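Here is how the chains run, residue by residue.
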Amino acid sequence: MKEIAILGSTGSVGVTTLDVIGRFRDRFRVVAMAAGRNVELFAGQIRGFAPELVAVATRQLADELAARIAPLKPRILVGAEGAIAVATHPRARLVMSAMVGAIGLGPTLAAIRAGKDIAFANKEVMVVAGEVVTRAAREHGVRLLPVDSEHNAVFQCLEGRPRESVRRIILTASGGPFRAWPSDRFASITVAEALNHPTWKMGAKITIDSATLMNKGLEVIEARWLFDLAPERIDVVIHPQSVIHSMVELVDGSVLAEMAVPDMAIPVAFALAYPERLPLDHLNRLEFARCANLTFEAPDAAKFPCLGLAYEALRAGGTMPACLNAANEELVAAFLGGRGSFADIPRHLETVMGRHRNGPARTLEDALETDGWARAAARELIGAGAERA
Ligand code: MG
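Everything in this summary refers to the structure shown in the same document. (Residues numbered from 1 in each chain as written. Predicted model: local features only at pLDDT ≥ 70, side-chain atom pairs only at ≥ 80, totals over all residues. Heavy atoms only, no water.)

1. Examining the packing of aromatic side chains
Centre distance and the angle of the planes are the two values used to describe a pair of aromatic rings. Enumeration according to the criterion identifies nine aromatic pairs in this entry. Considering the side-chain rings of Phe155 and Phe270, the 5.8 Å spacing of their centres and the 80 degrees angle between planes classify their relative orientation as edge-to-face. With Phe155 in helix H7 (residues 149-158) and Phe270 in helix H11 (residues 265-273), this residue pair connects regions lying 115 residues apart in the sequence. No difference in accessibility class separates Phe155 from Phe270, as the two residues are buried. Note on Phe186 and Phe342: the rings are 6.1 Å apart at their centroids and 65 degrees apart in plane angle, and the pair reads as edge-to-face. (Phe/Tyr/Trp six-rings, centres within 6.5 Å; stacked < 30°, edge-to-face > 60°. Helix = DSSP H or I, 4+ residues; strand = E, 2+ residues; numbered from the N terminus. Buried < 20%, exposed > 50% of the residue type's maximum accessible area, 1.4 Å probe, protein only.)

2. Details of the sheet that holds strand S8 (residues 166-173)
Strand order in the open sheet formed by four strands is S9-S8-S10-S11, with mixed pairing between adjacent strands. Each edge of the open sheet is held by one strand with a lone partner, namely strand S9 (234-238) and strand S11 (255-259). When strand polarity is set aside, the average angle formed by the axes of neighbouring strands in this sheet is 20 degrees. Of the pairings in the sheet, the one linking S8 to strand S10 (residues 244-250) comprises four bridges and is antiparallel in character. The residue bridging Ile170 from the neighbouring strand is Met247, located in S10. Its contacts with the sheet place H7 against S8, S10 and S11, and it is angled at close to 40 degrees to S10. (Pairing = 2+ DSSP bridges. Axes fitted to C-alpha atoms, helices over the stretch in contact; angles between N-to-C directions. Contact = heavy atoms within 4.5 Å.)

3. Structural notes on the sheet that holds strand S3 (residues 53-56)
The seven strands are arranged S4-S3-S2-S1-S5-S6-S7 in an open sheet whose pairing can be described as parallel. One side of each edge strand has no neighbouring strand; the edge strands of this open sheet are strand S4 (75-78) and strand S7 (144-146). Adjacent strand axes in the sheet meet at a mean angle of 25 degrees, parallel and antiparallel pairs treated alike. Note that strand S5 (residues 94-97) and strand S6 (residues 117-120) share four bridges and pair parallel. In the strand pairing of S6, Val95 is matched with Ile118.

4. Things to note about the pattern of salt bridges
Counting across every chain of the model gives 24 salt bridges. Among the ionic pairs, Glu52 bridges to Arg91, the shortest N-O distance being 2.9 Å. Here Glu52, found in the loop between helix H2 (39-49) and S3, pairs with Arg91, found in the loop between helix H4 (79-87) and S5; they are 39 residues apart in sequence, far enough to count as distant. In the salt-bridge network here, residues are joined through shared partners; they are Lys123, Asp148, Glu150, Lys216 and Glu219. (Salt bridge = Lys/Arg side-chain N within 4 Å of Asp/Glu carboxyl O.)

5. Here we look at H11
Burial of H11 is extensive: eight of the nine residues sit out of reach of the surface. Where H11 is concerned, the buried positions are Ala265, Pro267, Val268, Ala269, Phe270, Ala271, Leu272 and Ala273.

6. A closer look at the side chain of Ser210
Relative to the assigned elements, Ser210 resides in helix H9 (residues 204-212). Ser210 gets classed as buried once you look at its relative accessible area, which sits at 9%. Setting aside chain neighbours within four positions, we find Ser210 in contact with Gly175, Gly176, His197, Met202 and Asn215.

7. Considering the coordination of the magnesium ion
For the magnesium ion, the full set of protein donor atoms is Asp148 (OD), Glu150 (OE) and Glu219 (OE), at a range of 2.0 to 2.1 Å. Counting residues between consecutive donors of the magnesium ion along the chain gives the motif D-x1-E-x68-E. With a gap of 69 residues between them, Glu150 in helix H7 and Glu219 in helix H10 (residues 214-227) connect regions that are remote in the sequence. Take Glu150: its relative accessible area is 7%, and that puts it in the buried class. Residue classification places Glu219 among the buried residues on the basis of a relative accessible area of 1%. (Donors = N, O, S within 2.8 Å, 3.2 Å for Na, K, Ca; no water.)

8. Points about the nonpolar core
A general feature of soluble globular proteins is that nonpolar side chains tend to end up buried together. Core analysis: the largest hydrophobic core is formed by 133 residues, its most contacted members being Leu65, Met96 and Leu324. Broken down by element, this core gets its largest block of residues, ten residues, from helix H13 (residues 320-336). Here Leu324 is in contact with Met214, Leu218, Ile221, Leu309, Ala310, Ala313, Leu349 and Met353, once residues within four sequence places are set aside. (Core = buried A, V, L, I, M, F, W, Y, C linked by side-chain atoms within 4.5 Å.)

Now the structure itself:
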């Protein structure tokens, strides 16, 4: 029996994780879970999986939760402390790190330092503090098993291969809902249009990031740390059907691809059971005769400046990726809240990056200081824009 702790159980990956665990109750047991504010969904999950320890954002939510799950009485903790207790639960062998945003950094790092293997779905953690996180993982001998579908694909293609045999990796991107839109329509993009992703069903933040191609930019940075590759060895290609989840090119020119229906149950199950494989008989299989049309194109750098900004942040190094991520989180939240336009996201992002005084990102404190600064800088730009409007 493998005991699992879940950070972010009510998010899209968290829900998928519990669905997979629910199908294999003879192999996995959930000992601890942390969620944010969705107490209603969380209560149902607690009734379904009976963990010993749970955490929510605030004391008030904890009281509400306790009332909803009675007579069940797991230990209920709150805030960052609660999430860290979940991440370091003494019996957990693997922690599913599936919060959204830099908020997952503290608990994920605590789990690594407690020697837990990590199923890694919280890409912002790697963008903000990739050097700190990967160093801690080496020092504590823990595995970082990628759940992001692209990185999971690359991990599968790389497995057992000597580093010298790899020329580059190629991350695929669906291109989001605006791939074929003319650039003059970008100024009027609505939240509903941006949330309408063509191939993947995901949470709001990552769906907006997919529409700006920032998601791919964050994934390039994530790949740099997960696979220890220089930026020039990480390429991106638009592949709208999302059948190939990413590729690895070897030095002899061979290209290996991982292909499957676009369903997060596959990478989630891979990470939970590693190195074993789970029979996911409930999923549709890839029917080649029906999806014969696989297409590829280069990303349009002019229409989607966020991808270029992410490469720029990666090449600059230091705290610039943390700056990029924090400003993006604020700008996406503003767009979702009706306080900024779609086109404001790359525009303000470039301004914040231009103002950031870059420095080394060797410690958690370096990353967090930049995170705070960039959020404030982005909010100031959003506020100024709102006053003009
Ligand atoms: Mg992805």
